[in-house]
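# Tertiary structure, described
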2 protein chains.
Amino acid sequence: MSTERDRRTIETETLYDLLYRRRDVRGEFTGAPVPDAVLHRVLAAAHAAPSVGLSQPWDFVVVTDLATRRAFAAHVQRERAVFTESLDAARAARFAPIRIDGVLASSLSLVVTYDPARGAPAVLGRHAIADTGLYSVCLAVQNLWLAATAEGLGVGWVSFYREPFVRDLLAIPAGIRPVAWLCLGPVTALRELPDLERHGWARRRPLADVLHRERWQARPETEAETQAEAETQTQP
Amino acid sequence: MSTERDRRTIETETLYDLLYRRRDVRGEFTGAPVPDAVLHRVLAAAHAAPSVGLSQPWDFVVVTDLATRRAFAAHVQRERAVFTESLDAARAARFAPIRIDGVLASSLSLVVTYDPARGAPAVLGRHAIADTGLYSVCLAVQNLWLAATAEGLGVGWVSFYREPFVRDLLAIPAGIRPVAWLCLGPVTALRELPDLERHGWARRRPLADVLHRERWQARPETEAETQAEAETQTQP
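Residues numbered from 1 in each chain as written. Chains lettered and ligands numbered in written order. Predicted model: local features only at pLDDT ≥ 70, side-chain atom pairs only at ≥ 80, totals over all residues. Heavy atoms only, no water.

### Thoughts on the side chain of H47(A)
For H47(A), the position within the fold is in helix 2 (residues 36-47). Side-chain polar atoms of H47(A) contact the side chain of W58(A), separated by 2.9 Å. In this view, H47(A) contacts Q56(A), W58(A), F60(A), R205(B), P206(B), L207(B) and V210(B); residues no more than four positions away in its chain are not counted. (Helix = DSSP H or I, 4+ residues; strand = E, 2+ residues; numbered from the N terminus. Polar contact = N/O pair within 3.5 Å; in protein donor to acceptor, adjacent residues only side chain to side chain. Contact = heavy atoms within 4.5 Å.)

Written out as C-alpha cells, the structure reads:
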C-alpha cells in the first residue's frame, strides 16, 4: 500500500511540475537537432491520445526542409500584418514586440492534421457532434506538448496562417484539415511567465472565475473590464 | 549534469507511463467520492493548459446532482438508439455490448465549455482560424484527463448528446458551447486495452501509418480495407 501511495505522489508531482512548466515557445529555441529517438517518443505520445470511436484521425507531417519553413514563415509574417491592421493604436503598439512564431529558429516543424474520413461512416461517438474528431486531434497535440516538455524540448503552436496555404505547401489532400503547426526543438530555457503575460497583452485569470457548481452561474465582471484592468496593471 | 539527466529520465518515464495507462472509462467506476482537494488539483491542471492569445476560453461545470445526471443519462440512451439505427446489422450487433457512458456509475460529471467572447474582439492567433479557441479547450481537457489519471481517477468522455440539450440542462448561455461531458471518479482499475478494441469495434493503427516526412505522402491502403481487416482478425 505504501509503495502504491508513494508512486502516486511521485506521479502527481512530476506531472503537475510538467503541466505548469510547459510554455508556448517563440524566442528560446536553440536550433540544435532533435535526436530521432526523441522525436519518435514524442510522436508516439501524441499517437497514444484518446480519440472518438478510437478513430485516431490525426496525421503528423515532420517538416525540416528550410525552403518549406521559409515559405511558411513568410506567410506568417503576412498574416501578422493582417492582424495588426485589425488593432487600435494602443493594442498595435503592445503587439509590436511580441513574437508569434519560432519557425526558422526551432529545429523542425510538426504539422498535425485531421482526417474526418478515418473510421467513417459510423464513427462511434461522432453522429451527434461532428467536431469530436477535431477534438481528438487536439488531445494528441497536448500529449505531444507535454512529452516534448518532459524531453527537455520547447513547443510553439503557430496559428497565424490560412489553412489553404498550408494544405498547398505540404500537398495535403482536400478532405484533410491542418489543425496545428508546431515548432519543436531544444530551448535555452522555458520562461516562467507566458510571453503574452510578460508583454502585458493578457493576464491569466484565477480558476475560481471559470468554475461553476451544478449549473452555469453568471459572473458579475465582463470581458472588457478584465482586459482594461490587465492593461492598467501590467507593465508593457 | 547527472542530476539533471536523472530528473529528466524520471519525468519522461512517469509521463509516458501515464499517457499509455490513461483510458476512456465507462464500466470501471466505483462511485466513491472525489475529495475536494483532488478535484481542485485536477481542475487547476486543466486551467494551466495553453490557450490561443492566452484567452483561457473554457469554463468548468461540476455536476454532482443526481437528477441532472439522470436526465443526461436518459438523453444519452436516446442518442444511442439514434446511432444504432444508422448501423448495418453486423455493426449493430458489435455495438450492442459496448458501454458508451458511466454518467450514473461515476462520482461526478465535469462539463467543459467554450466561450468565443473571452478576450475578444482581438484574440491573438485567432483571426485566421476561428476554431483555435475550440482547440484550446481540448488541450485543457487532455491536461485534466492526465491529472485525473495520475490522481488514481478514471475519466470517460461522453459524446452521445446534442449540444442544445446540455445547454438547456445546465442553463449555459446561448453564445457558449458545451465541448465535453466528462465522467470522473475512482475506478477499480484501468483496463489494458481500450474498450472499443476489446470489443472488436476498432483497432489502433501503428504510428508509421500516420507519419509523413516533409510533405503529405499518400498511403496505399484505404480506410475500408483497414476496418474490414480489423473485423476479420478481432474476436468480438
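### A short note on the relation of the copies chain A and chain B
Rotating chain A by 180° and moving it 0.0 Å along the rotation axis overlays it on chain B with an RMSD of 0.0 Å. What we have between these two chains is a two-fold relation. Comparing interface residues between copies, 100% of those in chain A also lie at the interface in chain B; the contact surface is shared. (Least-squares fit on C-alpha atoms with pLDDT ≥ 70 in both.)

### So, the sheet that holds strand 3 (residues 153-158) of chain A
With mixed pairing, 5 strands are arranged side by side in an open sheet as 3(A)-4(A)-2(A)-1(A)-5(B). Edge positions in the sheet fall to strand 3 of chain A together with strand 5 (211-213) of chain B, since each has one partner strand and no second. Strand-to-strand twist in this sheet, taken as the mean axis angle between neighbours without regard to direction, amounts to 25°. Relative to strand 2 (residues 108-114) of chain A, strand 1 (residues 58-63) of chain A runs antiparallel, the two being bridged by 6 bridges. Paired with F60(A) across the bridge in strand 2 of chain A is V112(A). Its contacts with the sheet place helix 2 of chain A against strand 1, strand 2, strand 3 and strand 4 (177-186) of chain A together with strand 5 of chain B, and it is angled at close to 160° to strand 1 of chain A. (Pairing = 2+ DSSP bridges. Axes fitted to C-alpha atoms, helices over the stretch in contact; angles between N-to-C directions.)

### A look at the interface of chain A and chain B
With 105 residues of chain A at the contact, the number on the chain B side is 105 residues. Of the roughly 9,000 Å² buried at the junction of chain A and chain B (both faces included), carbon and sulfur atoms supply 62%. Inspection of the region where chain A meets chain B yields 4 salt bridges. Taken together, the links from chain A to chain B amount to 38 residue pairs in polar contact (both at pLDDT 80 or more). Considering each element in turn, the side of chain A that touches chain B owes the most residues, 13 residues, to helix 1 (residues 2-21) of chain A. (Buried area = accessible area lost by both parts, 1.4 Å probe. Salt bridge = Lys/Arg side-chain N within 4 Å of Asp/Glu carboxyl O.)

### Things to note about the packing of aromatic side chains
All names here are of chain A. Within the structure shown, the criterion is met by 18 aromatic pairs over all chains. Between F83 and W201 the ring centres are 6.2 Å apart and the planes differ by 50°, which places this aromatic pair in the tilted class. Residue F83 is found in helix 3 (residues 66-85), and its partner W201 is found in the loop between helix 7 (195-198) and strand 5 (211-213); the two are separated by 118 residues along the sequence. In this structure, F83 and W201 share a single accessibility class: buried. Three or more aromatic residues joined by ring pairs form one cluster here, namely F83, F95, F160 and W201. A cation sits over an aromatic face here: R22 above W145, 5.1 Å from the ring centre. In this arrangement the basic side chain of R91 is found over the ring face of W201, its NZ or CZ atom lying 3.8 Å from the centre. (Phe/Tyr/Trp six-rings, centres within 6.5 Å; stacked < 30°, edge-to-face > 60°. Buried < 20%, exposed > 50% of the residue type's maximum accessible area, 1.4 Å probe, protein only. Lys NZ or Arg CZ within 6 Å of the ring centre and 35° of its normal.)

### Comments concerning helix 2 (residues 36-47) of chain B
The terminal C-alpha atoms of helix 2 of chain B lie 16 Å apart, and with 12 residues this matches the ideal 16 Å at 1.5 Å per residue to within 8%. Of all the positions in helix 2 of chain B, only V38(B), L39(B), V42(B), L43(B), A44(B), A45(B), A46(B) and H47(B) are classed as buried. (Expected span 1.5 Å × (residues − 1).)

### With respect to unusual backbone geometry
Most peptide bonds take the trans configuration, and most residues that are not glycine carry a negative phi. The backbone phi angle of E214(A) is positive, close to 70°, even though this residue is not glycine. Under the relative-accessibility criterion, E214(A) is labelled partly exposed at 26%. Here the phi dihedral of A171(B) falls at roughly 60°; this positive angle occurs in a residue that is not glycine. In this structure A171(B) comes out as partly exposed when scored by relative accessible area, which is 34%.

### Thoughts on the confidence of the model for chain A
Residue and element names in this part refer to chain A. The predicted model of chain A averages 92 in pLDDT, with 89% of residues at 70 or higher. Across residues 222-236 the pLDDT falls below 50, and counting only partners more than four positions away or on other chains, this stretch makes 23 contacts in the model. Across the whole predicted complex the pTM is 0.92, and at the interface the ipTM reaches 0.92. (pLDDT = per-residue confidence, 0-100.)

### Quick look at the nonpolar core
F60(A), L184(A), F60(B) and L184(B) are the most contacted members of the largest nonpolar core, which totals 86 residues. Apart from residues no more than four positions distant in its own chain, F60(A) is found in contact with L43(A), A46(A), H47(A), V111(A), V112(A), L144(A), L207(B), V210(B), L211(B) and H212(B). (Core = buried A, V, L, I, M, F, W, Y, C linked by side-chain atoms within 4.5 Å.)

### Some details on the pairing of strand 3 (residues 153-158) of chain B
Residues and elements named next belong to chain B. For strand 3, a buried count of 6 out of 6 residues is recorded, marking the element as mostly surrounded by other parts of the structure. Residues L153, V155 and W157 of strand 3 are buried on one face, and the alternating residues G154, G156 and V158, pointing to the opposite face, are buried as well. Taken together, the 6 bridges between strand 3 and strand 4 (residues 177-186) define a ladder with antiparallel strand orientation. Residue pairing in the sheet places G156 in a bridge with C183 of strand 4.

### A few points about the sheet that holds strand 2 (residues 108-114) of chain B
By way of backbone hydrogen bonds, the strands of a sheet pair with one another, either parallel or antiparallel. Strand order in the open sheet formed by 5 strands is 5(A)-1(B)-2(B)-4(B)-3(B), and the pairing between neighbours is mixed. Every other strand in the sheet has two partners, leaving strand 5 of chain A together with strand 3 of chain B as the edge strands with one partner each. When the angles between neighbouring strand axes are averaged without regard to direction, this sheet yields 25°. Lying on the sheet, helix 6 (residues 163-170) of chain B is in contact with strand 1 (58-63), strand 2 and strand 4 of chain B; it crosses strand 4 of chain B at an angle near 70°.

### With respect to helix 3 of chain A
Residues and elements named next belong to chain A. Between its first and last C-alpha, helix 3 extends 29 Å over 20 residues, near the 28 Å set by a 1.5 Å rise per residue. Within the sequence span of helix 3, burial applies to T68, R69, F72, A73, H75, V76, E79, R80 and F83. One side of helix 3 holds all its buried residues, which, seen down the axis, span an arc of 165°. Within helix 3, the exposed residues directed more than 90 degrees away from the buried face are A67, R70 and E85. Of the surrounding secondary structure, the elements contacted by the buried residues of helix 3 are strand 1, helix 4 (89-95), strand 2, strand 3, helix 6 (163-170) and strand 4. (Arc of directions from axis to C-beta.)

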